[in-house]
Amino acid sequence: MAVKEKIDGIISSAAAGVEACASVDEINSLKVRYLGKSGELTALLRGMKDYPAEERPAVGKLVNEARDKINALIDEKFAQLQAKQEEEKLLEEKIDVTLKGTATPRGSLHPCTLVKEEILSIFTSLGFSVAHGPEVETDFYNFRQLNIPKDHPARDMQDTFYLGNDILLRTHTSPVQAHVMEENKPPIRVVCPGKVYRPDDDATHSPMFQQIEGLVIDENITLCDLKGILECFAKELFDKNTKVRFRPSYFPFTEPSVEVDLSCSVCHGKGCRICKGTGWIEVLGAGVVNPRVLEMSNIDSEKYSGFAFGMGIERIAMIKYGIPDMRILFENDVRFLRAFK
Ligand code: PHE
């Protein structure tokens, strides 16, 4: 049958074509050529009407078998070529893990944050909890509730940014004491960190700085408890030989009031630049809570007593890291900040 030879011819030329293909693109166009709408096999099917009716099934069968055969050859070659192409691509795109990468610079915590966290962790390990209060305060909490009445000369102790008649930026963290006493019943043991504001600006003062306030209220709390806690704190923060010294002072909300010095951790009391030759560094204000303050917060001052203290975080960071000028703490010069990694 002439048609059989013709079909065999198509198969063998397709097989040779497949064999010669070297890329996925070539095999794709070969597929179109042999099996597509205008391919020779399709033409044969279209010409079927020219064959005698009894031969048509046989011709159809031959054409279909040929299609299958060619299809199989093409699929096989296609898979081979595709695998080869992928392999080549992988080789080409090989990642050199020895190449230097572009590192993202790692930040570090600000020295004041480090000091604040260390101080808080010392006090929380002593059983204190942490409380926060608003930075925009009322005159009532910042002053009056702390026994600093309006027009009282004690107000001169703290220059103040007023935002309105009775609204101000808090000048210390002591108003948090008042909030805590209002909301809690004794026993109270809290530390209150936060930003405070005063219109001062020089090498050792900044219009914004941070304080940590401490407040303990319970039965039979005395100045001795204050000294014991502060001594324990100072030994943890600096070193175990640190000594604590009280000097008499005045705060309207504590009675008696003290100024607390620590022995200089740099020269151990011999006298150096940091302690200005005195061997002592003033770090906090403190005292026994004035009974009037307790009463104003509805705490029975016959039954309860307490102590409070307040310290500047920047000041402690300066002492701890030997920083001579407070302003560098606010400049955010990365060369300085990097030193605290
Ligand atoms: N609030 C005082 C200040 O900022 C410090 C202080 C706190 C003193 C608690 C005594 C008790 O100067």
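Above this note sits the structure.
Here the structure is a predicted model, which is why all the values come from computation and not from measurement. (Residues numbered from 1 in each chain as written. Predicted model: local features only at pLDDT ≥ 70, side-chain atom pairs only at ≥ 80, totals over all residues. Heavy atoms only, no water.)

## Details of the sheet that holds strand β9 (residues 305-312)
- The strand order across the open sheet formed by seven strands is β1-β4-β5-β9-β8-β7-β6, and the pairing between neighbours is mixed. Looking at the sheet topology across the chains shown, the edges are occupied by β1 (129-130) and β6 (244-251).
- Summarising the sheet, strand β7 (residues 254-263) and strand β8 (residues 280-289) pair through eight bridges and their orientation is antiparallel. When the bridges of β8 are listed, V258 appears paired with A286.
- The strands touched by helix α7 (residues 174-183) within the sheet are β4 (188-197), β5 (208-218) and β9, with β5 carrying the most contacts at an inclination of about 35 degrees.
- On top of the sheet, helix α8 (residues 223-237) reaches β6, β7, β8 and β9; it is set at about 125 degrees to β6, its chief contact. (Pairing = 2+ DSSP bridges. Helix = DSSP H or I, 4+ residues; strand = E, 2+ residues; numbered from the N terminus. Contact = heavy atoms within 4.5 Å. Axes fitted to C-alpha atoms, helices over the stretch in contact; angles between N-to-C directions.)

## Let's talk about the pattern of salt bridges
- For the coordinates displayed, the defined rule picks out 13 salt bridges.
- With a closest N to O distance of 4.0 Å, E219 and K303 form a salt bridge. Within this pair, whereas E219 is found in the loop between β5 and α8, its partner K303 is found in the loop between α9 (291-296) and β9, the two being separated by 84 residues in sequence.
- When its relative accessible area of 40% is taken as the criterion, E219 is described as partly exposed.
- Residue classification places K303 among the partly exposed positions, given a relative accessible area of 45%.
- When salt bridges that share partners are traced, they join D139, R144, K150, R155 and D166 into one network. (Salt bridge = Lys/Arg side-chain N within 4 Å of Asp/Glu carboxyl O. Buried < 20%, exposed > 50% of the residue type's maximum accessible area, 1.4 Å probe, protein only.)

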